[in-house]
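# Architecture at a glance
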Amino acid sequence: MLLTCTDVRKTFGASVVLDGLDLSVDEHEVVALIGASGSGKSTLLRCVNLLTGIDDGTITLDGEDITDPKINPDDVRQKIGLVFQSYNLFPHMTVLDNITLAPTRVHGRPVDEAKSQALEWLARVGLADKASSYPDRLSGGQQQRAAIVRALVNSPRLLLLDEVTSALDPELVGEVLTMIRDLKGDTTMVLATHEMGFARQVADRVAFLDKGRVLEQGPPEQVLGDPVEPRTRQFLARII
Ligand code: ADP
Ligand code: MG
């Protein structure tokens, strides 16, 4: 397993947000997290990226217990790419500079090498002509694609995507989903999404979160098409 969350508990004051959550993700697997707003999807992704600490349980990445207090969070984050629903690019930097910032400044990679790799990625996702543009010249969909490229140039072991299409106008959602679908097989991904059609298309496994636990998980056609748990059925009936 690349990622294993075992009995993870996370509280904010009196509210228990992750309540004994178990989830394992294999290398190259794509796991879609679904569940009602407030079920803990974003919190889980933030815990995996060590943006916030957990109260109990363990999270291992690549066999290493990343919740061990002795671990260096920067080393862990270097192995993980995280993209949020919006505000991902720095507005005062070109797309290319946004993408090469971390590789050159944080990871000490040579600028030329980082630039050529960034340009390769931009070309692959159809954004080669936007390299020297500022983010406000790009559509929301193009910005999100560039943000995903920025996460990918560090060659993360794991890519976490948190509702990356939620802030987009409906006509821009497709291009971002297509890009993510094209990454399948290259990268291990855990993505929180409200797009059930997309989860069905791209995910190897769908995990339904309810009150901070994985209540049900399995192949998309099973969890989305013929769920076992009444709460999964209720959730799907509400949103589809
Ligand atoms: P989801 O992404 O599934 O909608 P979240 O992980 O964002 O769910 O939120 C789960 C619960 O945790 C919500 O009740 C939310 O209000 C609470 N929560 C999230 N972040 C914080 C925080 N920083 N402080 C207090 N409560 C939080
Ligand atoms: Mg969320």
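All of the points below concern the structure found in this document. It should be emphasised that the depicted structure is a prediction, and the values quoted were computed from it without experimental measurement. (Residues numbered from 1 in each chain as written. Chains lettered and ligands numbered in written order. Predicted model: local features only at pLDDT ≥ 70, side-chain atom pairs only at ≥ 80, totals over all residues.)

## A word on the overall build of the protein chain
Put simply, the rule is: Helix and strand assignments come from DSSP, with helices taken as H or I runs of at least 4 residues and strands as E runs of at least 2, each series counted from the N terminus. The globule rule is 2.2 Å times the number of residues to the power 0.38, and the radius of gyration it is compared with is taken over C-alpha atoms. Partly exposed residues are those whose C-beta has more than 12 but fewer than 20 other C-beta atoms within 10 Å; with 20 or more the residue is buried, with 12 or fewer it is exposed, and the C-beta atoms are placed from the backbone. By definition, residue pairs are in contact when their C-beta atoms, positioned from the backbone, come within 7 Å.
Secondary structure assignment for the protein chain yields nine helices and 10 strands. The C-alpha atoms of the protein chain give 18 Å as radius of gyration, which agrees with the globular expectation for 240 residues (18 Å, within 12%). Based on the C-alpha atoms only, the size of the protein chain along its principal axes is roughly 50 × 45 × 30 Å. Relative to its 240 residues, the protein chain shows a buried fraction of 41%. Sequence-distant contacts, at least 24 apart, represent 65% of the contacts inside the protein chain between residues at least 6 apart.

## What about the site of ligand 1?
Note the following rule: Only the C-beta atom, placed from the backbone, is used; a residue is near a molecule or strand if that atom lies within 6 Å of it. Residue type decides the class: Asp, Glu, Lys and Arg count as charged, Ala, Val, Leu, Ile, Met, Phe, Trp, Tyr, Cys and Pro as nonpolar, and the leftover types, Gly among them, as polar.
Close contacts around ligand 1 come from Phe12, Ser15, Val17, Gly35, Ser37, Gly38, Ser39, Gly40, Lys41, Ser42 and Thr43, and that covers them all. Taken together, the elements giving at least two residues each to the shell around ligand 1 come down to strand E2 (15–25) and helix H1 (41–48). Of the residues forming the shell around ligand 1, the biggest block, three residues, is contributed by H1. Residue composition of the shell around ligand 1, grouped by class: two nonpolar, eight polar and one charged.

## Focus: the sheet that holds strand E5 (residues 64–65)
The line we're drawing: For two strands to be treated as a pair, DSSP must find at least two bridges joining them. The axes used here are C-alpha line fits, helices contributing only the stretch in contact, and every angle between their N-to-C directions lies in the interval 0 to 180 degrees.
The antiparallel open sheet is built from four strands, whose spatial order is E2-E1-E4-E5. Edge positions in the open sheet fall to E2 and E5, since each of these has one partner strand only. Pairing analysis gives five bridges linking strand E1 (residues 3–12) to strand E4 (residues 56–61), with the strands arranged antiparallel. Paired with Arg9 across the strands is Asp56, a residue of E4. Running at roughly 65 degrees to E2, H1 makes contact with E1, E2 and E4 of the sheet.

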